[in-house]
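Results of the structural survey
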Amino acid sequence: MIILENLTKILGGKAILNGLDLQIETGETLVLLGRSGTGKSVTLRHIVGLMTPDGGRVEVLGKEISGHSEEELKYVRSKVGYLFQDGALLNWLTVEENVALPLKEFGKTPTSEINDRVQEVLKEVELDFHADKFPSEISGGMRKRAGLARALISRPEIVLHDEPTSGLDPISSSIINRLVNRLKSSGITQVLVTHDMHSAFEVADRIALLHEGKIRSLGTVEEIRNSADEAVQQFLDGKIKGPLTQGAIDGVCDSEENGNEAT
Amino acid sequence: MTGWIQALGGFLGRSAETTGYGLVLLARTILSLPHLFSRRRLRDCLDLCFTYCLGSFTVTAVVALFTGMILALNGGDSLASLGQENLIGRIVAISMIREMGPFMTALILTASLGSGIAAEIGTMRVSEEIDALRIMSISPIRFLVLPRLVALTLITPVMTIFAGFIGILGASIVAANNFGVTWIAFSNDALENLSTGDVYIGLIKSVVFGITIATVGATQGLLTKGGATGVGEAARRAVVITFLLVIIQGYYLSWVYLS
Ligand SMILES: Nc1ncnc2c1ncn2[C@@H]1O[C@H](COP(=O)(O)OP(=O)(O)OP(=O)(O)O)[C@@H](O)[C@H]1O
Ligand SMILES: [Mg+2]
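What comes next concerns the included structure. In this text, all values refer to a predicted model and were calculated from it rather than measured experimentally. (Residues numbered from 1 in each chain as written. Chains lettered and ligands numbered in written order. Predicted model: local features only at pLDDT ≥ 70, side-chain atom pairs only at ≥ 80, totals over all residues. Heavy atoms only, no water.)

1. A closer look at the overall build of chain A
Convention followed: To qualify as a helix, a DSSP run of H or I must reach at least 4 residues; to qualify as a strand, a run of E must reach at least 2; elements of each kind are numbered from the N terminus. It is over C-alpha atoms that the radius of gyration is taken, and the globule rule equals 2.2 Å times the number of residues to the power 0.38. When a residue's accessible area, from a 1.4 Å probe over protein chains only, is under 20% of the maximum for its type it is buried; when over 50% it is exposed; and in between it is partly exposed.
A tally of regular secondary structure across chain A gives ten helices and ten strands. For chain A, whose C-alpha radius of gyration is 19 Å, the value lies close to the compact-globule estimate of 18 Å for 263 residues. For chain A, the spread of C-alpha atoms along the principal axes amounts to about 65 × 40 × 35 Å. The buried share among the 263 residues of chain A stands at 52%.

2. Structural notes on the coordination of the magnesium ion (ligand 2)
Residues and elements named next belong to chain A. Stated precisely, the cut-off is as follows: Metal donors: N, O and S atoms at distances within 2.8 Å, or within 3.2 Å for Na, K and Ca, with water omitted from the atom set so that some sites may seem incomplete.
Binding of the magnesium ion (ligand 2) to the protein goes through S41 (OG) and Q85 (OE1), at separations of 2.0 to 2.7 Å. Here Q85 lies in the loop between strand 6 (80–83) and helix 3 (95–106) and S41 lies in helix 1 (residues 40–47), a separation of 44 residues in the sequence. A residue is classified by how much of its surface remains accessible, and S41, at 23% relative accessible area, is partly exposed. The exposure class assigned to Q85 is partly exposed, which follows from its relative accessible area of 25%.

3. Examining the sheet that holds strand 6 of chain A
All names here are of chain A. Selection rule: Strands are treated as partners if at least two bridges between them are detected by DSSP. Interaxial angle, 0 to 180 degrees, is taken between N-to-C directions of lines fitted to C-alpha atoms, where a helix line uses only the stretch in contact. In this analysis, two residues are considered to be in contact whenever any of their non-hydrogen atoms come within 4.5 Å of each other.
Here six strands make up an open sheet; going across it, the order is 6-7-8-3-9-10 and the pairing mixed. The open sheet terminates on both sides in strands that have one partner only, identified here as strand 6 and strand 10 (214–220). Strand-to-strand twist in this sheet, taken as the mean axis angle between neighbours without regard to direction, amounts to 15 degrees. Looking at chain direction, strand 6 and strand 7 (residues 158–162) are connected through four bridges and run parallel. The residue bridging Y82 from the neighbouring strand is L160, located in strand 7. Where helix 5 (residues 140–152) meets the sheet, its contacts fall on strand 6 and strand 7, and the angle it forms with strand 6 comes to roughly 175 degrees.

4. Notes on the side chain of A:Q190
Residue and element names in this part refer to chain A. Our working definition: By the criterion applied in these results, polar contacts are pairs of N or O atoms within 3.5 Å in which, for protein atoms, one can donate a hydrogen and the other can accept it, and in which residues neighboring in sequence qualify only through two side-chain atoms.
Assignment of secondary structure puts Q190 in strand 8 (residues 189–193). Engagement of the side chain of Q190 in a polar contact is seen with the side chain of T29, the distance being 3.3 Å. Looking at Q190, its side chain comes within polar contact range of the side chain of H161, at 2.8 Å.

5. Considerations on unusual backbone geometry
All names here are of chain A. In this structure, R155 is a non-glycine residue whose phi angle is positive, near 45 degrees. Relative to the elements of secondary structure, R155 occurs in the loop between helix 5 and strand 7. The class for R155 is exposed, based on a relative accessible area of 56%.

6. As for the pairing of strand 9 (residues 206–211) of chain A
Residue and element names in this part refer to chain A. In terms of burial, strand 9 is a largely internal element, six of the six residues being buried. Neither face of strand 9 is exposed, since R206, A208 and L210 on one face and I207, L209 and H211 on the opposite face are all buried. As defined by bridge partners, strand 3 (residues 29–34) adjoins strand 9 across five bridges and the pair is classed as parallel. Following the sheet pairing, L32 is matched in strand 9 by A208. The sheet contact formed by strand 9 and strand 10 spans six bridges and is antiparallel. Pairing of H211 across the sheet is with K214, part of strand 10. The hairpin formed by strand 9 and strand 10 contains two residues between the paired strands, and E212 there has a positive phi angle of roughly 50 degrees.

7. Regarding the sheet that holds strand 5 (residues 63–64) of chain A
Residues and elements named next belong to chain A. Pairing in this open sheet of four strands is antiparallel, and the strands run 2-1-4-5 from one edge to the other. Sheet topology places strand 2 (14–24) and strand 5 at the edges, where each strand pairs with a single neighbour. Two elements, strand 1 (residues 2–11) and strand 4 (residues 55–60), share five bridges in a ladder whose sense is antiparallel. Residue pairing across strands places L4 opposite V58, the latter belonging to strand 4.

8. Notes on helix 1 of chain A
All names here are of chain A. Across the eight residues that make up helix 1, a large majority, seven, are buried. Looking at helix 1, one finds that the buried residues are K40, V42, T43, L44, R45, H46 and I47. Of the residues flanking the end of helix 1, it is G49, one or two places downstream, whose phi is positive at about 75 degrees.

9. Remarks on empty space enclosed by the protein
Unfilled space is identified by rolling a water-sized probe across the atoms. Residue and element names in this part refer to chain B. The following threshold applies: Definitions used throughout: a 1 Å grid over protein atoms alone; a cavity as a set of points that fits a 1.4 Å probe which cannot get out; a pocket as an open set with protein on both sides within 12 Å along at least five of seven lines; a lining residue as one with an atom within 4 Å of a point. Grid points are joined across faces, edges and corners, and a volume is the space filled by probe spheres set on the points.
As enumerated under the stated definition, the model contains one cavity of 30 Å³ or more in all. Taken as a whole, the largest cavity holds about 30 Å³ of empty space. Elements that contribute at least two residues to the lining of the largest cavity include exactly helix 1 (2–31), helix 5 (140–179) and helix 7 (196–222). Among the elements that take part in the lining of the largest cavity, helix 1 stands out by supplying three residues, more than any other.

Note that all results are geometric; they support no functional claim without further evidence.
Pasting the structure below:
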């Protein structure tokens, strides 16, 4: 279980997260939606202690993690897989070596076992034919899938996905969605940040909409689909005018109506 | 006026912060030295030594050769007017071994390897690879900084000795061709006047320089912010800061040695 309570984070003089409350149940797949720059990645980073909150608390698997040292975070991190927005593979290692890295570095698993496990996860993300290529030799979508394979190699209890399907062709997206659903049925807790509504509806147990540093709406797929919240409807329909763009940073809609007030 | 003072204050504040970060990084890397003795880290370190040597070999050789030739040409010219050209050997040998060799090698390695370390680690920072390491509980200090620091600390003295030899070789060619000093006379004069102290101070300098190059490069890399331009900026800063530190450290080490 993941508990984010009254989470506040100030970055660049601005409260990116501003009293965010969110609870993710064990075995649940929660999709986190929100406009670009609202702090979705920042929220994920708090769950693994890559960022420390300025206020509030973070609890993961029954352990309080806010403000702990790298050493103390080891336990929680060993149970979490994290898929970064761009894969974050080391470019001097091959796909295979990248995926094997978490197991090899600690030298507890015998090599033959590591090799079997690497083949297994690479097959799951359908990259087994590209195992010996370097990250610079494969496409962005493949790098992302390799990043996912690395996140899964040590059999995590929680997987955090930062935009797993962005920039992927529809078929690769479906491969990822199917994999997320498979992880879900094996009882893994997942938080998935995405802009891809199709994929959100396909994998989510619940959907949360992040806006102005707080969870604006939270509900099951059906609840969100039929939500009376204008913000949710605006996001789902991709409308330019609505609560999500009021006083928006780019001021696209305001400038049309009120002259150039927003700029 | 106040804007100017504010900018200066900001600059000093940032410099103090970076210096602190660099010193802590160095201390933590030294504390993690026992982790070097695992098969994977040793292999990483040897690989780096090899790549570093290979990458800086040619430029070091060329620069050292010409530095030695320039020293001999200028020294010889002045000495010849006093009829003392037989003293070229000692002048070149002492300045090459004690000062120019370590200094020049450090500058070359800063430009080629220090900037490379900053860019490499900086790229990893902005593409979230460092964060990925932290999540896998792989310490970036052990995994990235330690092998680079050790490799540079080993490589710099080796390259310095190499540069010294090549420089003296270049000087002896000029001495023989331009001033008629035979190879035997040149090397006798050089060896008789070169003390073991000169060799030691040259080596001590090169070790300090090697540590500085790696630490500054890694510090700038780890502190990189803001995409590809940030990486370029980190590399540039690593070079400028290391140049300054090397020349200041060089002066004080010579001063301590001579007094
Ligand atoms: N390390 C940082 N320092 C300063 N500001 C930051 C930092 N990290 C993120 N921010 C800012 O926080 C805001 C939220 O960033 P975040 O990456 O969480 O957005 P996001 O919701 O994931 O957007 P996207 O969908 O584009 O990935 C942005 O305005 C960003 O500029
Ligand atoms: Mg993001």
